[in-house]
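Structural features, examined
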Amino acid sequence: MEPLPCGHIAIAGAGRICGHLFGVPEDIEDVEYYRSLLGDGMRWELRCDGCAKDGAAEVFEVCEGCVRRVEEDCEFVGWRGEPGILERSEPVDQTVSTSPLPSRASTVVSIAPVAAQPGVWLLLNHKGKIIRWDADAGRASTRAHCAVPDDSDRRAWMRHQAGPRLHSSADGRFAAVVNDFGRHGAVVDLTTGKTTMVLDGGNYHPETVPFSLAFAEHHGRTVVIHRTAWNRLDISDPATGDLLTERTLAPAERGGPRPAHYLDYFHGALLVSPNGRRIADDGWVWHPVGVPTVWSLERWLGGDMWESEDGPSRHRLAWRLYRWNNPWCWLDDEHLVIGGIGEAGDAMLDGFEIYQVETGNRTGMVAGPRGQLFADARRLYSASPDGLEVWDPDTGERTGSVPGFVPTHHHVGSAELAVLEEKVLRRWRTVAT
Ligand SMILES: [Zn+2]
Ligand SMILES: [Zn+2]
(Lines give C-alpha, C1' and ligand atoms only; values in the text may rest on other atoms or scores of the structure.)
(Ligands and ions follow the chains in the order given, each with its own letter.)
Protein backbone atom coordinates (compact mmCIF):
# COMPACT_ATOMS: atom_id res chain seq x y z
CA MET A 1 0.00 0.00 0.00
CA GLU A 2 1.40 3.37 -1.09
CA PRO A 3 1.23 6.36 1.30
CA LEU A 4 -1.38 9.01 0.47
CA PRO A 5 -0.14 12.56 -0.36
CA CYS A 6 -0.62 13.40 3.35
CA GLY A 7 2.18 10.92 4.07
CA HIS A 8 -0.04 8.41 5.88
CA ILE A 9 -0.59 4.80 4.87
CA ALA A 10 -4.32 4.73 5.54
CA ILE A 11 -7.80 4.69 3.99
CA ALA A 12 -8.55 7.78 1.88
CA GLY A 13 -10.98 10.28 3.45
CA ALA A 14 -14.44 11.05 2.07
CA GLY A 15 -13.28 14.25 0.34
CA ARG A 16 -10.07 15.88 -0.87
CA ILE A 17 -8.70 19.00 0.84
CA CYS A 18 -6.73 22.05 -0.33
CA GLY A 19 -3.07 22.38 0.60
CA HIS A 20 -3.68 25.38 2.88
CA LEU A 21 -6.02 23.44 5.16
CA PHE A 22 -3.75 20.42 5.09
CA GLY A 23 -0.84 22.62 6.14
CA VAL A 24 -2.64 24.34 9.05
CA PRO A 25 -0.48 23.98 12.18
CA GLU A 26 -2.34 22.42 15.10
CA ASP A 27 -2.09 25.51 17.30
CA ILE A 28 -3.71 27.97 14.85
CA GLU A 29 -7.32 28.74 15.71
CA ASP A 30 -10.17 30.25 13.70
CA VAL A 31 -9.16 28.90 10.31
CA GLU A 32 -12.34 28.76 8.26
CA TYR A 33 -13.21 26.17 5.66
CA TYR A 34 -15.94 25.54 3.08
CA ARG A 35 -17.36 22.32 1.72
CA SER A 36 -17.20 22.69 -2.06
CA LEU A 37 -19.80 20.44 -3.69
CA LEU A 38 -18.82 18.85 -7.00
CA GLY A 39 -22.28 18.42 -8.61
CA ASP A 40 -22.12 14.64 -8.13
CA GLY A 41 -24.49 13.62 -5.31
CA MET A 42 -23.00 14.76 -2.00
CA ARG A 43 -19.32 14.53 -3.13
CA TRP A 44 -17.35 17.47 -1.70
CA GLU A 45 -13.90 18.89 -1.10
CA LEU A 46 -12.73 20.93 1.90
CA ARG A 47 -11.28 24.29 0.78
CA CYS A 48 -10.02 27.45 2.46
CA ASP A 49 -11.65 30.78 1.57
CA GLY A 50 -9.25 31.52 -1.30
CA CYS A 51 -9.45 28.05 -2.85
CA ALA A 52 -13.28 27.99 -2.49
CA LYS A 53 -13.34 30.96 -4.91
CA ASP A 54 -10.77 29.44 -7.27
CA GLY A 55 -12.05 26.32 -8.97
CA ALA A 56 -8.59 25.52 -10.35
CA ALA A 57 -6.89 25.47 -6.91
CA GLU A 58 -4.99 22.29 -6.12
CA VAL A 59 -6.60 19.71 -3.82
CA PHE A 60 -5.10 16.50 -2.43
CA GLU A 61 -6.41 13.12 -1.48
CA VAL A 62 -5.69 12.61 2.22
CA CYS A 63 -6.52 10.00 4.83
CA GLU A 64 -9.68 9.89 6.97
CA GLY A 65 -7.75 11.15 9.99
CA CYS A 66 -6.49 14.22 8.12
CA VAL A 67 -10.04 15.06 6.93
CA ARG A 68 -11.30 14.69 10.49
CA ARG A 69 -8.53 16.95 11.81
CA VAL A 70 -9.66 19.79 9.48
CA GLU A 71 -13.32 19.25 10.41
CA GLU A 72 -12.52 19.35 14.12
CA ASP A 73 -9.79 22.00 14.29
CA CYS A 74 -11.09 24.46 11.69
CA GLU A 75 -14.44 26.24 11.51
CA PHE A 76 -17.04 25.21 8.90
CA VAL A 77 -18.54 28.39 7.41
CA GLY A 78 -20.67 27.20 4.51
CA TRP A 79 -21.31 25.22 1.37
CA ARG A 80 -20.07 26.22 -2.07
CA GLY A 81 -21.01 24.74 -5.43
CA GLU A 82 -24.08 22.59 -5.99
CA PRO A 83 -24.93 19.02 -4.98
CA GLY A 84 -25.99 16.65 -7.75
CA ILE A 85 -29.54 15.34 -7.55
CA LEU A 86 -29.52 11.72 -8.68
CA GLU A 87 -32.49 10.54 -10.75
CA ARG A 88 -33.84 7.04 -11.37
CA SER A 89 -37.31 7.36 -12.82
CA GLU A 90 -39.96 4.83 -11.80
CA PRO A 91 -43.70 4.89 -12.56
CA VAL A 92 -45.68 6.79 -9.88
CA ASP A 93 -49.46 6.65 -9.62
CA GLN A 94 -50.66 10.25 -10.14
CA THR A 95 -54.17 9.63 -8.73
CA VAL A 96 -55.00 12.06 -5.93
CA SER A 97 -58.50 11.37 -4.59
CA THR A 98 -60.67 14.11 -3.14
CA SER A 99 -62.99 13.43 -0.17
CA PRO A 100 -65.44 16.22 0.80
CA LEU A 101 -65.41 16.91 4.55
CA PRO A 102 -68.67 16.23 6.43
CA SER A 103 -70.88 19.33 6.55
CA ARG A 104 -71.24 19.04 10.35
CA ALA A 105 -67.52 19.82 10.65
CA SER A 106 -67.97 23.43 9.47
CA THR A 107 -64.47 25.01 9.60
CA VAL A 108 -61.82 22.35 10.27
CA VAL A 109 -58.63 23.70 11.88
CA SER A 110 -56.69 20.47 12.44
CA ILE A 111 -56.84 16.79 11.43
CA ALA A 112 -55.29 13.61 12.84
CA PRO A 113 -55.14 10.10 11.35
CA VAL A 114 -56.43 7.17 13.43
CA ALA A 115 -53.48 4.93 12.65
CA ALA A 116 -55.10 1.55 13.38
CA GLN A 117 -58.29 2.29 11.38
CA PRO A 118 -57.77 2.66 7.61
CA GLY A 119 -59.62 5.65 6.17
CA VAL A 120 -60.56 7.05 9.60
CA TRP A 121 -59.59 10.59 10.67
CA LEU A 122 -60.38 12.87 13.59
CA LEU A 123 -61.32 16.44 12.72
CA LEU A 124 -61.13 19.45 15.05
CA ASN A 125 -63.29 22.43 14.12
CA HIS A 126 -62.94 26.11 15.04
CA LYS A 127 -65.35 25.72 17.97
CA GLY A 128 -63.47 22.80 19.56
CA LYS A 129 -65.79 20.08 18.23
CA ILE A 130 -64.02 16.74 17.60
CA ILE A 131 -65.53 14.59 14.86
CA ARG A 132 -64.70 10.99 13.93
CA TRP A 133 -64.84 10.72 10.15
CA ASP A 134 -64.55 7.62 7.98
CA ALA A 135 -63.34 9.21 4.74
CA ASP A 136 -63.87 6.00 2.75
CA ALA A 137 -67.46 5.38 3.89
CA GLY A 138 -68.33 9.09 4.19
CA ARG A 139 -69.68 8.63 7.76
CA ALA A 140 -69.14 11.18 10.51
CA SER A 141 -70.09 11.48 14.18
CA THR A 142 -69.41 14.17 16.76
CA ARG A 143 -67.52 12.72 19.73
CA ALA A 144 -66.58 15.61 22.01
CA HIS A 145 -66.26 19.31 22.58
CA CYS A 146 -62.87 20.32 23.84
CA ALA A 147 -62.17 23.71 25.41
CA VAL A 148 -58.51 24.73 25.49
CA PRO A 149 -57.47 28.26 26.57
CA ASP A 150 -56.53 30.41 23.58
CA ASP A 151 -52.79 31.13 23.26
CA SER A 152 -53.04 33.00 19.97
CA ASP A 153 -52.34 36.36 21.64
CA ARG A 154 -48.76 35.22 22.40
CA ARG A 155 -46.18 37.07 20.40
CA ALA A 156 -45.25 34.90 17.40
CA TRP A 157 -41.72 33.54 17.41
CA MET A 158 -39.94 33.14 14.05
CA ARG A 159 -43.36 33.43 12.33
CA HIS A 160 -44.77 30.52 14.38
CA GLN A 161 -48.18 31.73 15.62
CA ALA A 162 -49.64 29.69 18.48
CA GLY A 163 -52.57 27.58 17.29
CA PRO A 164 -54.40 24.30 17.94
CA ARG A 165 -53.21 20.88 16.79
CA LEU A 166 -55.16 17.63 17.10
CA HIS A 167 -53.54 14.29 18.02
CA SER A 168 -55.21 10.86 18.03
CA SER A 169 -54.24 7.67 19.84
CA ALA A 170 -53.64 4.75 17.44
CA ASP A 171 -57.01 3.16 18.26
CA GLY A 172 -58.90 6.47 18.08
CA ARG A 173 -60.23 6.23 21.65
CA PHE A 174 -58.33 9.31 22.88
CA ALA A 175 -57.64 12.69 21.33
CA ALA A 176 -55.48 15.57 22.50
CA VAL A 177 -55.89 19.19 21.50
CA VAL A 178 -52.78 21.26 22.18
CA ASN A 179 -51.61 24.73 21.26
CA ASP A 180 -48.43 24.35 19.24
CA PHE A 181 -46.08 27.25 20.06
CA GLY A 182 -48.31 27.85 23.08
CA ARG A 183 -48.84 26.65 26.62
CA HIS A 184 -52.16 24.85 26.94
CA GLY A 185 -53.85 21.61 25.94
CA ALA A 186 -56.30 18.89 26.93
CA VAL A 187 -56.85 15.15 26.55
CA VAL A 188 -60.32 13.81 25.77
CA ASP A 189 -61.82 10.31 26.00
CA LEU A 190 -63.89 10.03 22.80
CA THR A 191 -65.96 7.11 24.14
CA THR A 192 -67.45 9.38 26.84
CA GLY A 193 -66.74 12.85 25.41
CA LYS A 194 -65.16 13.81 28.75
CA THR A 195 -61.96 15.82 29.18
CA THR A 196 -59.67 13.60 31.26
CA MET A 197 -56.60 15.83 31.46
CA VAL A 198 -55.87 19.55 31.37
CA LEU A 199 -52.34 20.09 30.04
CA ASP A 200 -50.01 22.94 30.95
CA GLY A 201 -46.59 22.97 29.29
CA GLY A 202 -45.33 25.86 31.42
CA ASN A 203 -44.63 29.47 30.55
CA TYR A 204 -40.88 29.45 29.83
CA HIS A 205 -40.56 30.02 26.04
CA PRO A 206 -43.34 27.66 24.89
CA GLU A 207 -43.56 29.89 21.77
CA THR A 208 -40.38 28.23 20.42
CA VAL A 209 -41.74 24.69 20.00
CA PRO A 210 -44.81 22.68 19.00
CA PHE A 211 -46.46 21.46 22.24
CA SER A 212 -44.61 18.24 23.15
CA LEU A 213 -47.20 15.45 22.98
CA ALA A 214 -47.39 11.90 21.68
CA PHE A 215 -49.61 8.90 22.28
CA ALA A 216 -47.96 5.48 22.65
CA GLU A 217 -48.89 1.93 23.59
CA HIS A 218 -47.60 0.07 26.64
CA HIS A 219 -48.65 -3.54 27.34
CA GLY A 220 -51.75 -3.03 25.20
CA ARG A 221 -52.73 0.15 27.01
CA THR A 222 -52.61 3.68 25.57
CA VAL A 223 -50.41 6.22 27.38
CA VAL A 224 -49.85 9.90 26.63
CA ILE A 225 -46.44 11.59 26.79
CA HIS A 226 -46.67 15.33 27.35
CA ARG A 227 -44.66 18.31 28.48
CA THR A 228 -45.26 19.63 32.01
CA ALA A 229 -42.44 22.21 31.96
CA TRP A 230 -39.88 23.47 29.45
CA ASN A 231 -37.43 20.77 30.57
CA ARG A 232 -39.74 18.02 31.77
CA LEU A 233 -41.84 15.37 30.06
CA ASP A 234 -44.28 13.09 31.83
CA ILE A 235 -46.28 10.00 30.94
CA SER A 236 -49.92 9.77 32.01
CA ASP A 237 -52.86 7.43 31.66
CA PRO A 238 -55.23 9.29 29.29
CA ALA A 239 -58.27 7.42 30.67
CA THR A 240 -57.83 8.71 34.22
CA GLY A 241 -55.14 11.39 34.03
CA ASP A 242 -53.00 9.39 36.49
CA LEU A 243 -49.32 10.34 36.39
CA LEU A 244 -47.09 7.33 35.62
CA THR A 245 -43.72 9.07 35.93
CA GLU A 246 -43.82 10.48 39.45
CA ARG A 247 -40.32 11.73 40.24
CA THR A 248 -38.93 14.60 42.28
CA LEU A 249 -35.87 16.62 41.40
CA ALA A 250 -33.83 17.91 44.37
CA PRO A 251 -34.16 21.72 44.61
CA ALA A 252 -31.36 23.74 43.01
CA GLU A 253 -29.38 25.90 45.41
CA ARG A 254 -28.25 29.29 44.18
CA GLY A 255 -24.62 29.07 43.09
CA GLY A 256 -24.51 25.40 44.11
CA PRO A 257 -24.05 22.34 41.91
CA ARG A 258 -26.90 21.19 39.69
CA PRO A 259 -29.20 18.61 41.27
CA ALA A 260 -28.86 15.07 39.96
CA HIS A 261 -30.89 14.47 36.75
CA TYR A 262 -31.33 18.22 36.16
CA LEU A 263 -31.99 18.69 32.43
CA ASP A 264 -31.05 21.85 30.56
CA TYR A 265 -33.15 21.18 27.44
CA PHE A 266 -36.30 22.71 25.90
CA HIS A 267 -38.47 19.78 24.85
CA GLY A 268 -40.01 20.14 21.38
CA ALA A 269 -42.05 18.07 18.95
CA LEU A 270 -42.15 14.33 19.79
CA LEU A 271 -42.20 11.39 17.39
CA VAL A 272 -42.59 7.74 18.47
CA SER A 273 -40.82 5.12 16.32
CA PRO A 274 -43.00 2.78 14.21
CA ASN A 275 -42.57 -0.15 16.65
CA GLY A 276 -43.11 2.15 19.66
CA ARG A 277 -39.77 1.32 21.29
CA ARG A 278 -38.08 4.70 20.90
CA ILE A 279 -39.02 8.36 21.00
CA ALA A 280 -37.42 11.35 19.27
CA ASP A 281 -37.55 14.91 20.67
CA ASP A 282 -36.87 17.96 18.46
CA GLY A 283 -35.77 20.28 21.28
CA TRP A 284 -33.10 22.91 21.79
CA VAL A 285 -30.62 24.35 24.28
CA TRP A 286 -29.28 27.86 24.76
CA HIS A 287 -27.25 29.31 22.41
CA PRO A 288 -29.89 28.59 20.87
CA VAL A 289 -28.95 25.31 19.22
CA GLY A 290 -31.36 22.66 17.94
CA VAL A 291 -30.43 19.29 19.44
CA PRO A 292 -32.70 16.49 18.20
CA THR A 293 -32.47 13.67 20.74
CA VAL A 294 -33.68 10.06 20.97
CA TRP A 295 -34.07 7.61 23.85
CA SER A 296 -35.67 4.29 24.64
CA LEU A 297 -39.39 4.64 25.29
CA GLU A 298 -39.33 0.98 26.29
CA ARG A 299 -36.87 1.67 29.15
CA TRP A 300 -38.73 4.80 30.20
CA LEU A 301 -42.13 3.06 30.27
CA GLY A 302 -40.49 0.04 31.89
CA GLY A 303 -39.70 2.03 35.01
CA ASP A 304 -36.40 3.80 34.30
CA MET A 305 -37.91 7.05 35.54
CA TRP A 306 -35.08 9.40 34.53
CA GLU A 307 -34.61 8.02 31.02
CA SER A 308 -35.88 11.25 29.40
CA GLU A 309 -33.40 13.32 31.47
CA ASP A 310 -30.15 11.39 31.42
CA GLY A 311 -30.84 7.70 30.80
CA PRO A 312 -28.16 5.56 29.15
CA SER A 313 -30.22 5.16 25.95
CA ARG A 314 -30.36 8.94 25.37
CA HIS A 315 -28.43 10.17 22.31
CA ARG A 316 -28.03 13.65 20.88
CA LEU A 317 -28.18 13.31 17.11
CA ALA A 318 -27.24 16.71 15.75
CA TRP A 319 -26.13 20.15 16.85
CA ARG A 320 -27.64 22.87 14.67
CA LEU A 321 -27.25 26.56 15.40
CA TYR A 322 -30.62 28.40 15.29
CA ARG A 323 -32.28 25.42 13.71
CA TRP A 324 -34.97 23.07 15.04
CA ASN A 325 -38.63 22.41 14.08
CA ASN A 326 -37.16 20.74 11.00
CA PRO A 327 -39.14 18.38 8.79
CA TRP A 328 -38.45 14.88 10.12
CA CYS A 329 -39.73 11.29 10.19
CA TRP A 330 -38.73 7.78 11.20
CA LEU A 331 -37.28 5.95 8.20
CA ASP A 332 -37.65 2.62 10.05
CA ASP A 333 -37.30 1.50 13.68
CA GLU A 334 -33.55 2.15 13.71
CA HIS A 335 -33.16 5.32 11.66
CA LEU A 336 -34.45 8.87 12.02
CA VAL A 337 -34.42 11.31 9.08
CA ILE A 338 -33.96 15.04 9.78
CA GLY A 339 -34.46 17.72 7.12
CA GLY A 340 -31.58 20.01 6.14
CA ILE A 341 -27.89 19.18 5.80
CA GLY A 342 -25.34 21.02 7.89
CA GLU A 343 -24.72 22.59 11.29
CA ALA A 344 -26.07 26.15 11.13
CA GLY A 345 -29.40 27.73 10.16
CA ASP A 346 -27.91 30.10 7.58
CA ALA A 347 -25.59 27.51 6.03
CA MET A 348 -27.88 24.54 5.50
CA LEU A 349 -28.33 22.63 2.26
CA ASP A 350 -31.72 21.38 1.06
CA GLY A 351 -31.85 17.67 1.75
CA PHE A 352 -31.91 15.35 4.75
CA GLU A 353 -29.56 13.55 7.09
CA ILE A 354 -30.10 9.97 8.28
CA TYR A 355 -29.17 9.02 11.88
CA GLN A 356 -28.75 5.57 13.34
CA VAL A 357 -30.53 5.98 16.69
CA GLU A 358 -28.86 3.11 18.56
CA THR A 359 -25.48 4.83 18.25
CA GLY A 360 -26.51 8.42 17.48
CA ASN A 361 -24.24 8.42 14.40
CA ARG A 362 -25.10 10.04 11.10
CA THR A 363 -25.14 7.33 8.44
CA GLY A 364 -26.30 9.16 5.32
CA MET A 365 -27.02 12.46 3.58
CA VAL A 366 -29.26 13.03 0.56
CA ALA A 367 -29.25 16.42 -1.19
CA GLY A 368 -32.39 17.87 -2.76
CA PRO A 369 -35.55 17.11 -0.76
CA ARG A 370 -37.45 20.07 0.71
CA GLY A 371 -40.58 20.30 2.84
CA GLN A 372 -42.22 17.85 5.26
CA LEU A 373 -40.85 14.29 5.19
CA PHE A 374 -42.68 10.94 5.36
CA ALA A 375 -41.48 7.36 4.97
CA ASP A 376 -42.81 3.85 4.52
CA ALA A 377 -40.95 0.56 4.19
CA ARG A 378 -39.94 1.32 0.59
CA ARG A 379 -39.56 5.02 -0.01
CA LEU A 380 -39.08 8.43 1.48
CA TYR A 381 -41.47 11.23 0.45
CA SER A 382 -40.80 14.99 0.56
CA ALA A 383 -43.62 17.55 0.34
CA SER A 384 -41.72 20.17 -1.64
CA PRO A 385 -43.56 23.45 -2.38
CA ASP A 386 -44.13 22.33 -6.01
CA GLY A 387 -45.42 18.90 -5.13
CA LEU A 388 -44.56 15.51 -3.72
CA GLU A 389 -41.21 13.94 -4.56
CA VAL A 390 -40.37 10.26 -4.04
CA TRP A 391 -36.85 9.19 -3.00
CA ASP A 392 -34.97 5.95 -2.58
CA PRO A 393 -33.32 6.46 0.82
CA ASP A 394 -30.73 3.73 0.18
CA THR A 395 -29.32 5.25 -3.02
CA GLY A 396 -30.36 8.91 -2.60
CA GLU A 397 -32.05 8.83 -6.01
CA ARG A 398 -35.27 10.69 -6.82
CA THR A 399 -37.60 8.13 -8.35
CA GLY A 400 -40.72 10.18 -9.12
CA SER A 401 -43.06 13.04 -8.28
CA VAL A 402 -46.72 14.03 -7.96
CA PRO A 403 -46.80 17.71 -9.01
CA GLY A 404 -49.22 19.99 -7.14
CA PHE A 405 -49.80 17.60 -4.21
CA VAL A 406 -48.18 18.91 -1.00
CA PRO A 407 -49.25 16.60 1.87
CA THR A 408 -49.08 17.48 5.57
CA HIS A 409 -50.17 14.17 7.15
CA HIS A 410 -49.38 10.44 6.84
CA HIS A 411 -52.11 7.89 7.61
CA VAL A 412 -49.98 4.81 8.24
CA GLY A 413 -52.98 2.45 8.49
CA SER A 414 -54.31 3.48 5.06
CA ALA A 415 -50.84 3.87 3.52
CA GLU A 416 -51.76 7.35 2.33
CA LEU A 417 -50.51 10.90 2.49
CA ALA A 418 -53.09 13.67 2.80
CA VAL A 419 -53.67 17.40 2.94
CA LEU A 420 -56.68 19.44 4.05
CA GLU A 421 -57.73 21.97 1.41
CA GLU A 422 -60.77 24.17 1.99
CA LYS A 423 -63.67 21.71 2.35
CA VAL A 424 -61.92 18.55 1.12
CA LEU A 425 -59.21 16.09 2.11
CA ARG A 426 -56.89 15.26 -0.80
CA ARG A 427 -55.35 11.78 -0.45
CA TRP A 428 -52.68 9.78 -2.31
CA ARG A 429 -51.67 6.16 -1.74
CA THR A 430 -48.00 5.55 -0.92
CA VAL A 431 -47.98 1.97 -2.22
CA ALA A 432 -49.62 0.31 -5.19
CA THR A 433 -52.71 -1.66 -4.24
ZN1 LIG B 1 -6.69 26.65 0.11
ZN1 LIG C 1 -3.31 11.64 6.54
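Below is a short write-up of the structure. These numbers come from a predicted model, not from an experiment.

**Digging into the side chain of R47**
Locating R47 in the fold gives a position in strand β3 (residues 44-47). A polar contact is formed between the side chain of R47 and the side chain of E45, at a distance of 2.8 Å. The contact partners of R47, leaving out residues within four places of it in the chain, are C18, L21, Y33, Y34, S36, A52, D54, G55, A57 and V59.

**Thoughts on unusual backbone geometry**
The linkage connecting H287 with the following residue, P288, adopts the cis geometry, with an omega of 20°. Relative to the helices and strands, P288 resides in the loop between β20 (278-285) and β21 (289-296). Look at H219: it is not a glycine, yet its phi comes out positive at around 50°. Counting through the fold element by element, H219 comes out in the loop between β16 (213-218) and β17 (221-229). Note on H219: relative accessible area 78%, which makes it exposed. A positive phi angle is found at Y322, which is not glycine, with a value near 55°. If you trace the backbone, Y322 turns up in the loop between β23 (320-321) and β24 (328-330).

**Comments concerning the coordination of the zinc ion (ligand 2)**
Coordination of the zinc ion (ligand 2) by the protein involves C6 (SG), H8 (ND1), C63 (SG) and C66 (SG), with metal-donor separations of 2.0 to 2.4 Å. Around the zinc ion (ligand 2), the four donor atoms are arranged such that angles at the metal cover 99 to 121°; this shape is classified as tetrahedral. Every donor residue of the zinc ion (ligand 2) comes from the same chain, spaced as C-x1-H-x54-C-x2-C. Separated by 58 residues along the polypeptide, H8 in the segment before β1 (16-18) and C66 in helix α3 (residues 64-73) bring together distant segments of the chain. Among the residues examined, C66 registers a relative accessible area of 9% and is labelled buried.

**Regarding the sheet that holds strand β6 (residues 86-87)**
Backbone hydrogen bonds are what pair the strands of a sheet, in a parallel or an antiparallel way. With respect to topology, five strands assemble into an open sheet ordered β6-β31-β30-β29-β28, the strand pairing being mixed. Because the sheet does not close on itself, it has two edges, and the strands there are β6 and β28 (372-375). Relative to strand β29 (residues 380-384), β28 runs antiparallel, the two being bridged by four bridges. Residue pairing in the sheet places F374 in a bridge with Y381 of β29.

**Concerning the pairing of strand β8 (residues 108-113)**
Along β8, five of the six residues are buried, which leaves the element largely enclosed by surrounding structure. In terms of strand pairing, β8 meets strand β9 (residues 120-125) through five bridges, oriented antiparallel. Following the sheet pairing, V108 is matched in β9 by N125. Connecting the antiparallel pair β8 and β9 is a turn made up of six residues, with G119 showing a positive phi of about 85°.

Criteria and thresholds
- Residues numbered from 1 in each chain as written.
- Chains lettered and ligands numbered in written order.
- Predicted model: local features only at pLDDT ≥ 70, side-chain atom pairs only at ≥ 80, totals over all residues.
- Heavy atoms only, no water.
- Helix = DSSP H or I, 4+ residues; strand = E, 2+ residues; numbered from the N terminus.
- Polar contact = N/O pair within 3.5 Å; in protein donor to acceptor, adjacent residues only side chain to side chain.
- Contact = heavy atoms within 4.5 Å.
- Buried < 20%, exposed > 50% of the residue type's maximum accessible area, 1.4 Å probe, protein only.
- Donors = N, O, S within 2.8 Å, 3.2 Å for Na, K, Ca; no water.
- Tetrahedral: all angles 85-135°; square planar, octahedral: opposite > 155°, others 65-115°.
- Pairing = 2+ DSSP bridges.

None of the figures reported here should be taken as evidence of function without further support.
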